[in-house]
Amino acid sequence: AQSVTQLGSHVSVSEGALVLLRCNYSSSVPPYLFWYVQYPNQGLQLLLKYTTGATLVKGINGFEAEFKKSETSFHLTKPSAHMSDAAEYFCAVRAGAGKSTFGDGTTLTVKP
Amino acid sequence: GAGVSQSPSNKVTEKGKDVELRCDPISGHTALYWYRQSLGQGLEFLIYFQGNSAPDKSGLPSDRFSAERTGGSVSTLTIQRTQQEDSAVYLCASSSGLAGTYEQYFGPGTRLTVT
């Protein structure tokens with residue numbers, strides 16, 4: 001069984017500020033972890049993924065996430081928010097092949 | 001190359017009617033998934049196809065929902081006797097199915113509105 005909890009359905013930051021979106025997961029086997037971004041009226045786009053190896057993974061648009069097994073977390077960060085980062089972000093967990101389980105999403109608002 | 005495509009992009013139907021939603025995965029991808037995204041909600045898994053294996057239908061919410069995948073490529077999700085609670089965005093995704101490359105590529109979705 002696997003599950004994902006995204007803490008905070010809405011996060012608001014000022015342009016240039018740190019972005020931190022929280023994700024905790026549970027999985028009965030070593031997980032694959034993903035962050036996706038969804039812009040209005042579009043499908044999901046992969047930001048980054050963790051499968052094995054280095055626990056700090058870098059993705060597109062300056063985002064990165066760190067897999068912390070002891071904390072069962074995979075938080076998404078970006079040092080400096082840009083207006084174009086405003087979107088909905090989804091964390092997902094997968095145990096190998098098969099379906100992914102998604103969190104409920106976090107809407108990021110960036111204030112000028 | 002072409003990504004995952006879905007049609008129609010929008011569908012409005014009356015309660016009780018049947019609808020078919022289509023997904024064209026990325027060429028060569030052996031795995032195909034359907035998810036449902038209701039307003040303000042995350043993605044709800046519906047069904048998963050992998051090659052010639054029996055599909056994982058564990059997420060289908062009722063027997064009004066069915067899906068098939070013909071020739072290992074195009075997939076159709078059918079909802080019979082639609083209800084208002086079926087209104088949602090239906091997302092299709094595909095992946096290569098190769099070990100270690102499990103990222104899913106999503107289509108733009110079909111927005112279904114049941115009136």
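Here the residue index of a chain counts from 1 through its sequence in written order. Chains and ligands are labelled by the order in which they are written, letters from A for the one and numbers from 1 for the other. Predicted model: local features are reported for residues with pLDDT of at least 70 only, side-chain atom pairs are reported and counted for 80 or more only, and whole-chain, interface and lining totals are derived from all residues. Side-chain metrics rest on all non-hydrogen atoms present in the structure, leaving aside hydrogens and water.

Caption draft 1: Structural detail: the side chain of Thr110 of chain B. Residues and elements named next belong to chain B. Position of Thr110 relative to the elements: it lies in strand β10 (residues 110–114). Given the relative accessible area of 0%, Thr110 is considered buried. Within 3.5 Å is the distance limit for a polar contact, defined as a pair of N or O atoms, with the added protein rule that one can donate a hydrogen and the other accept it, and that residues adjacent in sequence qualify only through two side-chain atoms. Of note is the side chain of Thr110, whose polar atom sits 2.5 Å from the backbone oxygen of Pro8. What makes two residues a contact is simply this: any of their non-hydrogen atoms within 4.5 Å. Among all residues touching Thr110, those that are not within four sequence positions of it are Gln6, Ser7, Pro8, Ser9, Leu21, Ala88, Val89 and Tyr90. Each helix is a run of DSSP H or I of at least 4 residues and each strand a run of E of at least 2, with the numbering of both proceeding from the N terminus. The buried label goes to any residue with under 20% of its type's maximum accessible area, the exposed label to any with over 50%, and the partly exposed label to all in between, with areas taken from a 1.4 Å probe on protein chains only.

Caption draft 2: Representation of the interface of chain A and chain B in the model. Contact residues are listed per partner, giving 20 residues for chain A and 20 residues for chain B. Accessible area, probed at 1.4 Å, shrinks when two parts are joined; the buried area is that loss added up over both. Summed over both partners, the interface of chain A with chain B comes to about 1600 Å²; 52% of that surface belongs to carbon and sulfur atoms. Salt-bridge detection follows one rule: a side-chain nitrogen of Lys or Arg within 4 Å of a carboxyl oxygen of Asp or Glu. Applying the counting rule to chain A against chain B returns one salt bridge. We note a salt bridge from Glu103 of chain B to Lys49 of chain A, for which the minimum N-O separation is 2.6 Å. Contributions of two or more residues to the side of chain A that touches chain B are made by β4 (32–38), β5 (44–50) and β9 (87–94) of chain A. Tallied by class, the residues present in the side of chain A that touches chain B amount to eight nonpolar, eight polar and four charged. Under the convention adopted here, Pro, Cys and the residues Ala, Val, Leu, Ile, Met, Phe, Trp and Tyr are nonpolar, Asp, Glu, Lys and Arg are charged, and Gly plus all remaining residues are polar.

Purely spatial values, then, with no claim about function.
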